[in-house]
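Close look at the chain arrangement
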Amino acid sequence: SKPDIVFQSGVGDRVFDLRFSKDSEFLFSGHGSGAVAQWKVRGSKTQPEQSLKVDFAVSTLALVGEQQQLAIAGRFNRLELWDWSRKQRK
């Protein structure tokens, strides 16, 4: 049987964390390359809705506030906030 949808970002890039939005509409993935992607769960797209590149390996993700911001933590004690609803870094 074939999966309903396949999420793929960068062959060989390891995924270190995943987070679903509260309404389960979006899935966020954090990667060893520093890539962070926002995926729309329903639908047939295999490309992220939007993505962000940080200059460190991502270890963990957390949705904060009203779930409109994604906290991205990783290597070298780095932390960034991404307001994904407004498509801007904090």
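Our structure is the block above this text.
Throughout what follows, the structure given in this document is the object of discussion. (Residues numbered from 1 in each chain as written. Predicted model: local features only at pLDDT ≥ 70, side-chain atom pairs only at ≥ 80, totals over all residues. Heavy atoms only, no water.)

**Considerations on the nonpolar core**
Most often, soluble globular proteins have nonpolar side chains that are buried together. Ranked by size, the top nonpolar core spans 13 residues in total, and within it Phe28, Val36, Leu61, Leu70, Ile72, Trp82 and Trp84 carry the most contacts. Of all elements in the fold, only β2 (26–31), β5 (58–64) and β6 (69–74) reach the threshold of two or more residues within this core. A per-element tally of this core places β5 first, with three residues. When near neighbours in sequence (up to four residues on either side) are disregarded, Leu70 contacts Phe28, Val36, Leu61, Ala62, Leu63, Glu80, Leu81, Trp82 and Trp84. (Core = buried A, V, L, I, M, F, W, Y, C linked by side-chain atoms within 4.5 Å. Buried < 20%, exposed > 50% of the residue type's maximum accessible area, 1.4 Å probe, protein only. Helix = DSSP H or I, 4+ residues; strand = E, 2+ residues; numbered from the N terminus. Contact = heavy atoms within 4.5 Å.)

**Considering the sheet that holds β2**
Spatially, the four strands line up as an open sheet ordered β1-β2-β3-β4, and their pairing is antiparallel. Looking at the sheet topology across the chains shown, the edges are occupied by β1 (15–20) and β4 (50–53). Between one strand and the next, the sheet's axes are offset by a mean angle of 15°, whatever the strand orientation. (Pairing = 2+ DSSP bridges. Axes fitted to C-alpha atoms, helices over the stretch in contact; angles between N-to-C directions.)

**Let's talk about the sheet that holds β6**
Reading across from one edge, β5-β6-β7-β8 is the order of the four strands in this open sheet, with antiparallel pairing throughout. Two strands lie at the open edges of the sheet, namely β5 and β8 (88–89), each paired on one side alone. Two strands pair when backbone bridges link them, and strand β7 (residues 78–83) and β8 are joined in this way by two bridges, in the antiparallel orientation. From the neighbouring strand, Asp83 faces β8, where its bridge partner is Gln88.

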